[in-house]
Every structure is written in structure tokens, then in C-alpha cells.
Number of protein chains: 2
Amino acid sequence: MLSYSFEDTGGDSLYDYLYKCIKTDILKGNLQADEKLPSKRMLAAHLGVSVITVENAYSQLLAEGYIYSKARSGYYVSPIGLAPKAQMDTAAPAEEDDDQGPAYFADFLASGADADAFPFRIWLKTSQQVMRDKKDELLKKPDAGGCMILRQQISRHLADFRGLKVSPRQIIIGSGTEYLYGLLVRFFGADTVVCLEDPGYPKIEKIYMSNGARCVHAGIDRDGIRISELRDADASLVHVSPSHQFPTGIAMPARRRYELLSWASEDSSRYIIEDDYDSEFRFSGRPLPSLASMDAGGRVIYINTFSKSLCPTLRLSYMVLPKPLLKQFYDKLGFLSCTVSNFEQLTLAEFIEDGHFERHLNRMRVYYRRKRKRFFDAIRGCRAAQRMHIIEEGAGLHFLLRIDTSLPDSEMKKILARHGIHIASISDYYVKKKPEMEHVFIVNYSAIDSSRIEEAADRIAQSIEEAQETASQRDCAG
Amino acid sequence: MLSYSFEDTGGDSLYDYLYKCIKTDILKGNLQADEKLPSKRMLAAHLGVSVITVENAYSQLLAEGYIYSKARSGYYVSPIGLAPKAQMDTAAPAEEDDDQGPAYFADFLASGADADAFPFRIWLKTSQQVMRDKKDELLKKPDAGGCMILRQQISRHLADFRGLKVSPRQIIIGSGTEYLYGLLVRFFGADTVVCLEDPGYPKIEKIYMSNGARCVHAGIDRDGIRISELRDADASLVHVSPSHQFPTGIAMPARRRYELLSWASEDSSRYIIEDDYDSEFRFSGRPLPSLASMDAGGRVIYINTFSKSLCPTLRLSYMVLPKPLLKQFYDKLGFLSCTVSNFEQLTLAEFIEDGHFERHLNRMRVYYRRKRKRFFDAIRGCRAAQRMHIIEEGAGLHFLLRIDTSLPDSEMKKILARHGIHIASISDYYVKKKPEMEHVFIVNYSAIDSSRIEEAADRIAQSIEEAQETASQRDCAG
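Residues numbered from 1 in each chain as written. Chains lettered and ligands numbered in written order. Predicted model: local features only at pLDDT ≥ 70, side-chain atom pairs only at ≥ 80, totals over all residues. Heavy atoms only, no water.

A.B. asks: Would you mind going over the overall build of chain A with me for this structure?
C.D. replies: The helix and strand inventory of chain A stands at 16 helices and 16 strands. Computed over C-alpha atoms, the radius of gyration of chain A comes to 32 Å, more than 25% over the 23 Å expected from 2.2 N^0.38 for 478 residues, which places it beyond the range of a compact globule. Within chain A, contacts between residues at least 6 apart in sequence are counted, and of these 71% link residues at least 24 apart. Looking at chain A as shown, the accessible area adds up to about 20,800 Å², and 49% of this sits on carbon and sulfur atoms. Of note, chain A has its 62 positive side-chain charges centred 5 Å away from the centre of its 65 negative side-chain charges. (Helix = DSSP H or I, 4+ residues; strand = E, 2+ residues; numbered from the N terminus. Rg over C-alpha atoms; globule rule 2.2 N^0.38 Å. Contact = heavy atoms within 4.5 Å. Areas by Shrake-Rupley, 256 points an atom, 1.4 Å probe, with all protein chains shown as cover. Lys, Arg positive; Asp, Glu negative; His and termini not counted. Charge placed at Lys NZ, Arg CZ, Asp CG, Glu CD.)

Structure follows, in C-alpha cells:
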């Protein structure tokens, strides 16, 4: 007969404790498969507990399949054929590498936002409003494209600021542009070939590839992607950022845009993905119209995000599908749930509607323009100024800095790193092509603390002087 | 010629108003399928509006598929046969199709949440706290797995409530289980073959397939998925819900669980995806332990969601990867951004830490237990009670109802629909196999208003009586 001491049940109820004891005996093999268990009454008497306690323990074991019952006979141990226990935890977990790597004085590869920049107070007030006034809306599941009231607000915003007139139905909300790229691959099919700009942002290629698409590349000249190479690439999708190409900063002129639209119009399977990621930040002149607003043939899929303009950890992006694709999209992927929570969709909708988003953008534009100007002044005033050339594109959260040096970019970067400057050069972003641009570095100033700007410029100057010495020593030696 | 008065457009633009008028006429059948519409010019002249107005209205109708165009001929009404809505996934899940289709008295396919059920006040207070105290954390981009403090809270919760001891690093946060299934396909590769339970939830197959995986099926018996069929299926992944299979409600007993683990252990490429979607709602006995907690070999990927337990529109789910897969996961997909905003991750972390989540679950368990009980009482007390059999599985937000009838399920459902009852039968959920269970209906009671329960039961009773008449007339005739 089973014997267990109930003196210390470790805080468990009697039945729970009994259930665990029997389970352990089954797992350890102390109770054999198909062995008959004592009747509830007998076991209760034997252990000095109530029949109910035994009954509860048996029910639990039964529900979990550790024992089985035979009508008019009683309870038996299930033949559970013990699984191997020993392999546990052989491979050690890859431990965190969060805060590793050298701490740079200035990291121009990091992108982030100042805590001061995000309008916490207004955002909180807006979400309060939403939770008070829109309870039902908050709990109502939207269609695959997202909450209609946010889509209406975005549609209005696009009309006002990007010259883009689209119906809210065409707007599809998703949790980040990365998610939307993946959604497009699922929509067009995994055998899709996407042409990317070279040089370009390497993560975009990784995302397309991890979704099963194949990527090819076309080079760029001073007007943007080379149409001849795009043609040769034999892709059905092309991914571009006509307002502000990364990393070159090129704004694609109208002529090239029409060539691109014309490429798309030649075959019904061709579409252009316009990644308009930082068009909100243009510091001189009017913002360029979006490519999508020039598209009469329904061949441009426009993508933008609030992660850049509002907050990088908000994960709220959208794409605009040409109308003729809408039905197809819903037929194929309409079963999906929107990946952004209603709480944030409705808060953002209210935030835009109340004019807070526009005000925030204006404020950030002033903020970044000042920061940018401060950086330009620091560079122009520093001791190696004559060897540093700002390539000013008037837009976006990065600018380009050409350095006069004969050292290759890789060596220059090492010297800069020794001076606490983490920076990339355009040549780093060439994927397939041979770099055509040397000595041009990308200063992404969005994450750097403003108070460090002058010293950062000075450290770049020091690095340039060191590079010059190295180069001249080499010349002498050679 | 179409004639509409533009005197009161209800605030709509002219084109929008015209678009709605024509759409209504198409839906009502006033405009017949394939009927030619007047030319833009003619209609504009006739109505006294500009050609652009008509053009915009036609474009909108075209984009939405209400009309089609023939080259050099004009516009025609699409043959929409009035039910593009109805054919949308009859067998399919709950969530679809918000405000469309007939309004049922009781919709047992809908899943939703009562506005009263979500703890708005506490959630708001918690997010207030987070925005006040955790500004920096809110703006700091987490790694691909999500915010560490939420992962720590989930890890603790899993240890306390699901007997699952995992390191926070093993937990990967994503915006909904649908997203996580896709992520798994991207991780294991698009050539992955996933075995699904048949009958099962059809949306899961759609999601895997839209991500490029191939799906195969294995039937289930009273203990859950048939291991022999799983073996024959030759898949490397199997997707199961051992705590509460949908739609049969089966809780997989320990024996079958070990067989499943044993299947996985036989080949290093095999993994089990445990979808523990509503394990929080068990109404009798202790919750069953998770399959993952029985897994000594690191072959189970555990998935769960807060959408079910907290709020369907929150889009916050997670999976637990076995430790040996972690490094591989980060090598392959570590470049991805987490798809849930920090704001919601940190709010949820605080919500769990402060004990609100546990209290919410307890409250909801009581709430659903009452609702369930009220339903059982209503069924047992109604006039066709002797022909209705509740198949009580003691868990989850649905139960099964077997109806004594000789009519096939499709006919029975039609009669029920005529009485305002929208319900699915288990036979609807068979994908490849021939239905083995007839006359068993799924009562998903989560979204139905409690005050309607008694009348819903009565309407089911009426339907059963009507079915009986139909059947006996048929017998007489035959």
C-alpha cells in the first residue's frame, strides 16, 4: 500500500500533496505500468485522510493521464514509457551580449531618440482619453489592415503633407516596416525577386531573404538607381527611397522617377516599393513629392513609419497599396490579424487628429535643424576643417562627410575608433558592386548627445591628423 | 439613367455620395449584374455634377470590385451575387468579418471580450506609472526577443502557473501568435513541413502556408493526435494544443504526450509546437501541466498569448525556445526588431509584477465559470433537454453540445441559423479526413451576452424540434 507522510506538505493542500507523491512514484517507476491502485476508501483509511482528498488526487492524475480507470474495477497506472531525462541543459544558453563592445564617445551608427524628444505627457493624456471614451472601439477587432479611424487620419496626413490622395482602405497598418516587407513577400509570393539599391541598407536585404524572397542589386548614379541595371536584374519588385537614398542621401529627380514608373508600367507584375522612411525631416525647401503621388498607373506601394518620426520603440508603420491590388490582398491575406494593438492605433489616431503629430514634427524639425547646424559649425571651426567637406543634402537625420586622406576607409575607421568615434563609410554599404565612393563617411547625428558635438568634431580632426602622419610616413618609407 | 438628388449628401463629398448611391443600388439589385453604366460624361451632365466627380466615384467602385471596365466600351456592374461576404470562410475562425453578414441573435463563432472585462482603470494607471518612471527604458530598443523585464515577468509567471522553468532569454515576444508562427517558418526554413491536427483550427494552416511552409495532417483519436499518422506524415514540426485541443476539447493524457516527445526525440530536426492558447481557463481541478514542462530533451517550442487571457486587440504573444535553439535563432534572426512596442511591453511587465494579471485571470475564471454554468443550466432546463448532451471538458471558453438528430450537420446548422443561432459543428473543422464526429456543435460562449443565454438555449431547442419534424416527414415520405 502507498505510504506517504502528511507531516510536511510544504504548504500544499492535502490532495495536491498526495497527487504529487503518487505522480512522483509513477515517474520514478516505483509504481509500475498497469499496476492497480488501492481503492479510494482503502487508501483514505490507510493514510488517515478523507475519501474526498484521495478522490481529488485521483481525478487530477486521471485528467493528466498518469492513471486510467476501468469500469467497476478501479484505477491503474498508465504505461507512460519514460522519456529521457538526462539530456537536460547540455548546450549552454548563449548569454546576453547587450552591453558589451567598446563604449564610444560618439556612435554615429546608433539610431535612437532622446527621452526629451518624445511627448510623453501628451501621449499619456491622449491614451487616457482613448481609454475613457473609446472602450468598445478598443476591444473590437479591426480587419487585417488595422483600425479604420487611424487609417483615416493617416490618409488625411498623407494628403496634407505628401501630396498623396488615397482611400483609408488602401492603408495597411503593421508593427514596423520589417513586418510589412515580409507581408509583401507573402503577398507577391516567395519566388519574388526584389531589386535593391547598391549601396543600400543591408538589413533590408536580410529581411527580404529571411522571408524567402530572392534579392538582386542595381547600382546607383547621381540621380539614384540605374534603370539599365534594374532592367538587367530581371526583378518584379524594386525597393527604393526616392526622397532620401540611404546611404548616399540622393534625392531622385523627376526624370529618373518617371523612368522608374515607366519600367514598372511595362509589365503587369512589376511594382515599386517606395520606402519613404525619413521624408518628414527635410530642412530646406519644400518636401519632395512622394513617388507614389506621381504614379498614375497604380504601380507604387508606399511605405512609411512612425518609428522614425515619433519613437523608435513604438513599432507602428503602414503601407499604401494601389487600389487594384486591394481585393487581391484581402483575398489572399485578409484572414490575418493586424499586428498592432488597438490601444496604440487609437491613441495615435487621436494624437494625429488633435494636431499633436504635426506639432511634434515641427518641433523635431527645429530640434534636428539646430543640432545639424551645430555640427556643421563645429566641423567648419575645427582645426582640420580644410580636410573635411560636408556633403549637404538638406534632408534626413544623417549627412555625409568627405575626408581628404589617402588612407583606405577601413584604416581611417580604425583610427577614428581609437579616438572614440564609431562611424561607417559609404563603401561599407556596397553589397555586390565595387565601391565607387571612397572617403565619404555617414554622420547619423540623431542619437548623439548635443553637448558632445564639439568634442566629437575635434576627435575627428585629431584622427585626420593622425591619418595624415601615417600616410606621409608610408610615403617616405615607400 | 441613374438619378440621385445631391441636395443632402450628409456631409459627404459629392463623389463619395455618388459612389455610395451607386453601390447601394448594386447591392440592392436595382442595378443588375453586367448592366452597362452610363458614360462618365453622360452621367455627369444628367446629374449636374462634374465629370471628375463621376470619374472618382467610378474609380472607387472599380477598386472595390463593384463594377468592372471593358476596354473601349465602358463600365459594367460586377456579378457580385450578393454574398461575397457569406462565402468568406464558412469553416473559419471566429474573428473575421466585423459588421458584415446577418445579425445573429447569438453568434457562437464570434470571439470577443466584454468591455467590462478588461481592467481599463488599472491598465491606464500602470501605463501612467511606466511613462513616469521608465522613460529611458521606453525609448531603448530591445533585442529581437523583446524587453528583458517583460520576459523576466513571463518567465516567473510560467514557473508559477505552468510548471515551466525557463530563462527569460528563451522567451521571444511577438505581436500575436500568427506572427510567431511565421517567425518559426522563417527560422526553420520555408521548406519546412508542419503537421497539423485534423480536425483543427483552419487559420493556423493558412498562416503556415502564407509563410511558405507545407502543411500535412494527422487525425486525432480520443487521446489527441495519432502518432502513427504523424509518423506517416513525414513532417519535422508538429503543431498541437495538448491542454485543450480545438475543436474537440481533448486534453492529451500523459501517455500520448510521452509518445509525442518520443517521436520528436528520434530525429534531431523534429520539434513540437505547443500552442497553449487557453490553458488559463480551466474550471475544475488543477491546470494540466504544459507539454513543455515534461520535455527533457529540448524539443518543445511553447507558444502562448495575452490576446486570449487579457484582451484580443492587445497583440502580445510569446514563444519559449528550447535552450539549444537560442544561439541559432539569434544568429539567423537576431537582426529583426521586436514587433511589440516598448510601451505595451513595459506596461504589461508592471501589470504582471504588481499581481494585476493574476487577479485578472482569477476574476475572469469566476466570470466564465458562472457564464458556463448558466448556459449548462439553461440547456438542462430547456424543453429539448433530453436531445441535448453537453460534452463537458472542464476547460476553455467553449464546450461541445451533441444534438440527437438524424439530419446532417449542414442542414441542422441552416435550421439553427434561421432561429438566429450561428454555430459551427466539429465536422466543419475536418480538413483532409472524413468527419468522424457528427452532430457535435461548438458553443463558444465568450462573446455572447449573458442575458441572452436562456433565449439562445430556447432557440436551439426550437431548432431541434423543427429538425425532428423535418426528419420524420422525410421518413414518412421515404
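Anyway, onward from the coordinates.
A.B. asks: Got a minute to help me understand the pattern of salt bridges in this structure?
C.D. replies: Side chains carrying opposite charge are able to pair once their charged atoms draw close together. All names here are of chain B. Evaluated as defined, the whole model comprises 43 salt bridges over all chains. Its salt-bridge partner being Asp458, residue Arg383 comes within 3.8 Å of it at the nearest N-O pair. Highlighted residues: Arg383 in the loop between helix 14 (356-381) and strand 12 (388-391) and Asp458 in helix 16 (residues 453-477), separated in sequence by 75 residues. Judged by its relative accessible area of 47%, Arg383 is partly exposed. (Salt bridge = Lys/Arg side-chain N within 4 Å of Asp/Glu carboxyl O. Buried < 20%, exposed > 50% of the residue type's maximum accessible area, 1.4 Å probe, protein only.)

A.B. asks: Mind showing me how you'd approach the nonpolar core here?
C.D. replies: Considering soluble globular proteins, one finds that nonpolar side chains tend to be buried as a cluster. Within the largest apolar cluster, 120 residues are counted, with the highest numbers of intra-cluster contacts made by Phe108, Ile225, Leu260 and Ile272 of chain B. The contacts of Phe108 of chain B, once residues within four sequence positions are left out, are Phe375, Ile421, His422, Ile423, Ile442, Val443, Asn444, Ile448, Ala456 and Ile460 of chain B. Judged by nonpolar contacts, the second largest core, of 95 residues, contains Ala218, Val340, Phe375 and Met412 of chain A. (Core = buried A, V, L, I, M, F, W, Y, C linked by side-chain atoms within 4.5 Å.)

A.B. asks: Before we go on, may I ask you to explain the sheet that holds strand 16 (residues 440-444) of chain A in this structure?
C.D. replies: Hydrogen bonds between backbone atoms are what pair the strands of a sheet, whose relative direction is either parallel or antiparallel. All names here are of chain A. On the basis of which strands lie adjacent, the open sheet formed by four strands has the order 12-13-16-15 and antiparallel pairing. Each edge of the open sheet is held by one strand with a lone partner, namely strand 12 (388-391) and strand 15 (424-425). Sheet topology note: the strand 13 (residues 398-403)/strand 16 ladder contains five bridges and is antiparallel. Looking across to strand 16, one finds that Leu401 is bridged to Phe441. (Pairing = 2+ DSSP bridges.)

A.B. asks: Would you mind going over the pairing of strand 5 (residues 193-198) of chain B with me for this structure?
C.D. replies: A regular strand places its side chains so that they alternate between the two faces of the sheet. Residue and element names in this part refer to chain B. Burial analysis of strand 5 places six of its six residues in the buried class, which makes it a mostly covered element. Every second residue of strand 5 is oriented toward a common face, with Val193, Cys195 and Glu197 on one face and Val194, Leu196 and Asp198 on the other, all of them buried. In terms of strand pairing, strand 5 meets strand 6 (residues 214-221) through six bridges, oriented parallel. Note on strand 6: the bridge partner recorded for Cys195 is Val216. Handedness of the crossover is the feature at issue here: the chain leaves strand 5, passes through helix 8 (residues 202-210), returns alongside strand 6, and the resulting connection is right-handed. Alignment of strand 5 against strand 8 (residues 237-240), held across three bridges, turns out to be parallel. What sits directly across from Cys195, in strand 8, is Val238. (Right-handed = clockwise from strand over helix to strand, strands pointing away.)

A.B. asks: When you look at the interface of chain A and chain B in this model, what are you seeing that I'm missing?
C.D. replies: In many analyses, interface size is given as the accessible surface area lost on bringing the parts together. Across the contact, 70 residues belong to chain A and 68 residues belong to chain B. Together chain A and chain B conceal approximately 6,300 Å² of surface at their shared face, both sides included; 61% is due to carbon and sulfur atoms. Our count for the chain A to chain B interface comes out at zero salt bridges. Taken together, the connections running from chain A to chain B amount to 19 residue pairs in polar contact (both at pLDDT 80 or more). Of all the secondary structure elements, the ones that give two or more residues to the side of chain A that touches chain B are helix 1 (14-28), helix 3 (51-63), helix 4 (120-133), helix 5 (135-139), helix 7 (177-188), helix 8 (202-210), helix 12 (323-333) and helix 13 (342-353) of chain A. Top element by residues in the side of chain A that touches chain B is helix 4 of chain A. It accounts for six residues. Residues of the side of chain A that touches chain B, tallied by class, amount to 34 nonpolar, 17 polar and 19 charged. (Buried area = accessible area lost by both parts, 1.4 Å probe. Polar contact = N/O pair within 3.5 Å; in protein donor to acceptor, adjacent residues only side chain to side chain. Nonpolar A, V, L, I, M, F, W, Y, C, P; charged D, E, K, R; others polar.)

A.B. asks: Help me out: how do you make sense of the side chain of Ser309 of chain B in this one?
C.D. replies: Here Ser309 of chain B shows up in helix 11 (residues 306-309). When its relative accessible area of 3% is taken as the criterion, Ser309 of chain B is described as buried.

A.B. asks: Would you take a moment to explain the pairing of strand 12 of chain B for this structure?
C.D. replies: Residue and element names in this part refer to chain B. Side chains Met388 and Ile390 project from strand 12 onto a buried face, and the interleaved His389 and Ile391 project onto a face without burial. Summarising the sheet, strand 12 and strand 13 (residues 398-403) pair through four bridges and their orientation is antiparallel. Bridging from a neighbouring strand, Met388 pairs with Ile403 of strand 13.

A.B. asks: Honestly, the packing of aromatic side chains in this entry has me stumped. Any pointers?
C.D. replies: Ring pairs (aromatic) are described by centroid distance and by the angle formed between their planes. All names here are of chain A. Enumeration over the complete set of coordinates arrives at 52 aromatic pairs over all chains. Aromatic side chains Phe118 and Phe120 sit 5.0 Å apart centroid to centroid with 75 degrees between the ring planes, which places their arrangement in the edge-to-face category. According to the relative accessible area criterion, Phe118 is buried, its value standing at 4%. You can call Phe120 buried: its relative accessible area is 7%. (Phe/Tyr/Trp six-rings, centres within 6.5 Å; stacked < 30°, edge-to-face > 60°.)

A.B. asks: In this structure, what is going on with the packing of helix 7 of chain A against helix 8 of chain A? I would like to understand it.
C.D. replies: Any two packed helices are characterised by the angle at which their axes cross and by the distance between the axes. Residue and element names in this part refer to chain A. Closest axis-to-axis distance for the helix 7/helix 8 pair is 9 Å, and the angle between their directions is 45 degrees. The pairing of helix 7 with helix 8 is recorded here as oblique in orientation. As helix 7 packs across helix 8, the resulting crossing turns out to be right-handed. Note on element contacts: helix 8 touches helix 7 through Lys203, Ile204, Ile207 and Tyr208, opposite Glu178, Tyr181 and Val185. Its residues assigned to classes, the contact of helix 7 with helix 8 comprises five nonpolar, no polar and two charged. (Axes fitted to C-alpha atoms, helices over the stretch in contact; angles between N-to-C directions. Parallel < 35°, antiparallel > 145°, perpendicular 65-115°, else oblique. Left-handed = near helix turned anticlockwise from the far one by under 90°.)

A.B. asks: Looking at this structure, I do not really get the sheet that holds strand 9 (residues 271-275) of chain A. What am I missing?
C.D. replies: Residue and element names in this part refer to chain A. Taken in spatial order, the eight strands of this open sheet run 4-11-10-9-8-5-6-7, and their pairing is mixed. Among the strands making up the open sheet, the edge pair consists of strand 4 (171-174) and strand 7 (224-225). Taken strand by strand, helix 6 (residues 148-162) contacts strand 4, strand 10 (300-305) and strand 11 (317-320), and its axis lies near 115 degrees from that of strand 4. Running at roughly 155 degrees to strand 10, helix 7 makes contact with strand 4, strand 8 (237-240), strand 9, strand 10 and strand 11 of the sheet.

A.B. asks: What's the story with the environment of His356 of chain B in this structure? I'm lost.
C.D. replies: All names here are of chain B. Relative to the helices and strands, His356 is located in helix 14. Here His356 falls in the buried class, since its relative accessible area comes to 18%. In this structure, His356 is in contact with Ile122, Thr126 and Phe351, ignoring residues within four places of it in sequence. Polar contacts involving the side chain of His356 include one to the side chain of Arg359, which spans 3.3 Å.

A.B. asks: Sorry if this is basic, but what is going on with the side chain of Thr305 of chain B here?
C.D. replies: Residues and elements named next belong to chain B. Along the chain, Thr305 turns up in strand 10 (residues 300-305). A polar side-chain atom of Thr305 sits 2.9 Å from the main-chain amide nitrogen of Ser307. At a separation of 2.9 Å, a polar atom in the side chain of Thr305 contacts the side chain of Ser317. Excluding its chain neighbours within four sequence positions, the residues that come into contact with Thr305 are Thr177, Tyr277, Leu316 and Ser317.

A.B. asks: How should I be thinking about the packing of helix 1 of chain A against helix 3 of chain A in this particular structure?
C.D. replies: Residues and elements named next belong to chain A. It is at 8 Å that the axes of helix 1 and helix 3 come closest, and there the two elements cross at 50 degrees. Comparing the axis directions of helix 1 and helix 3 gives the class oblique. For the crossing formed where helix 1 meets helix 3, the hand is right-handed. For the pair helix 1 and helix 3, the contacting residues are Leu14, Tyr15, Leu18, Tyr19, Ile22 and Lys23 in the first and Thr53, Val54, Asn56, Ala57, Tyr58, Gln60 and Leu61 in the second. Its residues placed into classes, the contact of helix 1 with helix 3 shows nine nonpolar, three polar and one charged.

A.B. asks: Even after reading the chapter, I still don't get unusual backbone geometry, so can you show me in this structure?
C.D. replies: Across residues other than glycine, the phi torsion is negative in most instances, and most of the peptide bonds are trans. Residues and elements named next belong to chain B. Residues Asp198 and Pro199 are joined by a peptide bond in cis, for which omega reads 5 degrees. In this chain, Phe246 is followed by Pro247 through a cis amide linkage whose omega measures 5 degrees. Looking at the element boundaries, Pro247 is found in the loop between strand 8 and helix 10 (254-265). With a phi close to 60 degrees, Asp234 is a non-glycine residue in the positive phi region. Within the fold, Asp234 resides in the loop between helix 9 (227-233) and strand 8. Owing to a relative accessible area of 62%, Asp234 belongs among the exposed residues under this scheme.

A.B. asks: In this structure, what is going on with helix 16 of chain B? I would like to understand it.
C.D. replies: Because an α-helix packs 3.6 residues into every turn, residues spaced three or four apart end up facing the same way. Residues and elements named next belong to chain B. Given a rise of 1.5 Å per residue, 25 residues ought to cover 36 Å, and the 36 Å separating the end C-alpha atoms of helix 16 matches this to within 8%. Turning to helix 16, its buried residues are Ile453, Ala456, Ala457, Ile460, Ala461, Ser463, Ile464, Ala467 and Ala471. For helix 16, the elements touching its buried residues are strand 3 (106-107), helix 14, strand 12, strand 13, helix 15 (409-418) and strand 14 (421-422). (Expected span 1.5 Å × (residues − 1).)

A.B. asks: How should I be thinking about helix 2 (residues 40-47) of chain A in this particular structure?
C.D. replies: Residue and element names in this part refer to chain A. Every buried residue of helix 2 is accounted for by Leu43, Ala44 and Leu47. Seen from one end, helix 2 has its buried residues packed into an arc of 100 degrees, which puts them on one side. Facing away from the buried side of helix 2, by more than 90 degrees, are the exposed residues Arg41 and Ala45. Where helix 2 is buried, its residues touch helix 1 and helix 3. Looking one or two residues beyond helix 2, the residue adopting positive phi is Gly48, at roughly 75 degrees. (Arc of directions from axis to C-beta.)

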